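Residue-level listing of the chains:
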Amino acid sequence: MLKKTSHFMREANFIGGSWVGADSGAMIDVVNPATRQTIGTVPKCGRTETRRAIEAAEEAFHSWKKTSANDRAKLLRKLHDAIMDNQEALAELLVMEQGKPLAEARGEVGMSAAYVLWYAEEGRRTYGDVVPSPWADRRILVTKEPVGVIGAITPWNFPSSMLARKLGPALAAGCTAVAKPASQTPYSGLAWGVLAEEAGFPAGVVNIVTGSASEIGDELTENPLVRKITFTGSTEVGKTLIRKSAGTVKKVSMELGGNAPFLVFDDADVERAVEGAVAAKYRNSGQTCVCTNRFFVQEGVYDRFVEKLVEATERLKVGSGLEEGTQQGPLIDEKAVEKVEELVADAAEKGGKVVAGGKRHALGGTFFEPTVIAEASPEMRFMQEEIFGPVSPIFRFNDEEEAVRLANDTAFGLACYFYTADLGRAFRVMEGLRYGLIGVNEGIITTVEAPFGGLKESGLGKEGGHQGIEDYLDTKYVCIGGLGL
């Protein structure tokens with residue numbers, strides 16, 4: 001391990017500006033999914049430690065909210081620079097605990113820094129209004145203020161950038177934070193404590209707690225000092241957090257599960273569609289909330305698309321994320337592999353044809369072959385279930401109306417993609433799809449400048465864009481009377 005990487009690999013929690021362990025002394029093992037070896041441990045904290053972190057954040061909020069937007073922006077720019085100065089070390093740490101290829105990890109760390117820089121500027125633009133008054137002797141002001149302490153719960157698949165999307169706007173708005181990274185990938189979350197400390201953020205503004213998801217989550221949702229919960233993860237857990245947050249009527253932002261369709265019409269550039277398909281499906285071994293879950297290909301180009309996708313899939317290099325040229329790493333754990341195996345078996349039983357991959361990789365462990373399944377049908381489980389693995393089921397469709405209907409046939413509505421050369425079709429399909437993010441002739445569309453978030457059971461609120469800071473602000477109306485005008 002590089003010396004600079006070990007600097008960020010903290011086996012302690014960051015609470016109130018101090019690095020501390022769990023009261024019980026209990027620890028959680030962190031396992032490298034590529035080697036299945038334990039790389040370290042982190043504290044197994046619970047309610048008590050989380051409550052202390054919340055109280056530290058509340059104390060810090062009273063002074064942090066009074067800092068100017070410009071001063072907060074300066075600190076955020078320092079944080080951005082600290083991330084980029086250590087991009088390689090942070091990327092290596094991310095690969096060790098998450099498994100994705102180093103090139104992807106570098107990109108994620110760079111994206112993390114980009115979110116911080118974006119919100120350094122957006123924090124200076126949280127404008128209010130002066131509203132024309134209906135009364136001659138009164139004036140009406142509308143102002144924006146930080147909501148207070150926020151609780152951020154992040155997943156293992158993008159352990160750095162998911163935290164950036166939450167901490168960036170929260171800190172820019174003048175909020176303080178208690179963050180709980182996933183237990184599989186805690187070091188990339190704890191690294192934010194190191195970075196915040198080195199960038200000069202006051203003690204208590206950023207707090208990072210690892211440990212029991214249920215205990216930490218319960219304290220964050222039930223403690224009245226926390227005024228907002230922001231979560232990225234499964235719809236099931238998101239619904240639980242919404243219910244538990246209702247008791248104290250907190251704001252909630254939820255970026256939840258997806259079931260992304262990828263439509264290819266007869267008039268599409270098939271080569272371009274295949275290129276987009278590989279990017280949209282196999283990035284992070286298919287373990288992303290916006291990755292393609294269902295391919296729908298029109299009859300006229302179906303066979304050619306399947307053939308080209310199989311060729312591209314079989315060229316992918318599978319291996320440890322730290323090895324040169326690796327394009328697909330391992331799945332996060334054994335449970336993830338077993339689910340993928342179940343879905344492939346279900347498809348085969350129901351008439352699906354495994355035309356590439358389909359089984360565990362020869363490397364063993366949690367490596368799984370990039371897989372393509374032709375002749376997929378709506379009865380198969382992945383029509384409704386999120387795969388979260390490197391499997392591409394390909395359905396046929398006849399016409400545009402059927403394609404949109406099949407694409408929308410899900411409780412989810414996060415991301416979708418479609419390929420066509422017809423401008424009119426592009427607008428019809430775009431307007432017909434019930435999704436929060438739509439890629440037209442593109443397979444990778446996320447950027448800090450645009451709002452990220454789903455419809456239906458895929459979530460509430462937006463991250464990124466100028467919209468991403470709104471959920472960290474309260475709107476206050478002030479009527480000033482007695483002006484004697």
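Heads up: the structure comes first, above all this text.
All of the points below concern the structure found in this document.

Parameters at a glance
- Residues numbered from 1 in each chain as written.
- Predicted model: local features only at pLDDT ≥ 70, side-chain atom pairs only at ≥ 80, totals over all residues.
- Heavy atoms only, no water.
- Buried < 20%, exposed > 50% of the residue type's maximum accessible area, 1.4 Å probe, protein only.
- Helix = DSSP H or I, 4+ residues; strand = E, 2+ residues; numbered from the N terminus.
- Pairing = 2+ DSSP bridges.
- Patch = residues over 30% accessible without salt bridge, like charges linked within 9 Å, V, L, I, M, F, W, Y side chains within 5 Å.
- Areas by Shrake-Rupley, 256 points an atom, 1.4 Å probe, with all protein chains shown as cover.
- Salt bridge = Lys/Arg side-chain N within 4 Å of Asp/Glu carboxyl O.
- Expected span 1.5 Å × (residues − 1).
- Contact = heavy atoms within 4.5 Å.
- 1 Å grid on protein atoms, 1.4 Å probe; cavity = no way out; pocket = protein on both sides within 12 Å on 5 of 7 lines; lining within 4 Å.
- Points joined across faces, edges and corners; volume = space filled by probe spheres on them.
- Nonpolar A, V, L, I, M, F, W, Y, C, P; charged D, E, K, R; others polar.

Looking at the pairing of strand β19 (residues 437-440)
Where a strand is regular, its side chains alternate between the two sheet faces. The two faces of β19 differ: L437 and G439 on one face are buried, but I438 and V440 on the other face are not. Here four bridges tie strand β18 (residues 415-419) to β19, and the two strands are oriented parallel to one another. Bridging from a neighbouring strand, C416 pairs with I438 of β19.

What about a nonpolar patch on the surface?
A cluster of nonpolar side chains, namely L423, F427 and M430, defines an oily patch on the protein surface of about 300 Å² accessible area. Along the chain, F427 turns up in helix α14 (residues 423-432). Judged by relative accessible area, which is 44%, F427 ranks as partly exposed.

Digging into helix α11 (residues 302-315)
Note on helix geometry: an α-helix contains 3.6 residues per turn, so any two residues three or four positions apart are oriented the same way. Helix length check: α11 (14 residues) gives 20 Å between terminal C-alpha atoms against 20 Å at 1.5 Å per residue, within 8%. When α11 is considered as a whole, its buried residues turn out to be Y302, F305, V306, L309, V310, A312 and T313. Here the buried face of α11 lies against β12 (260-264), α10 (270-282), β13 (292-298), β14 (353-356), β15 (371-376) and β16 (391-397).

Quick notes on the layout of surface pockets
By volume, the largest pocket amounts to about 1,300 Å³. The set of elements that each furnish at least two residues to the lining of the largest pocket consists of α8 (213-222), β10 (226-232), α9 (235-245) and α12 (334-349). A per-class count over the lining of the largest pocket returns 18 nonpolar, 15 polar and 12 charged. There is about 440 Å³ of room inside the second largest pocket. As for the second largest pocket, its lining consists of 22 residues, of which E104, F158, R283, T288 and I444 are closest to the centre. The element that contributes the greatest number of residues to the lining of the second largest pocket is helix α5 (residues 102-122), accounting for five residues. Here the residues of the lining of the second largest pocket are counted per class, giving 12 nonpolar, five polar and five charged.

None of the figures reported here should be taken as evidence of function without further support.
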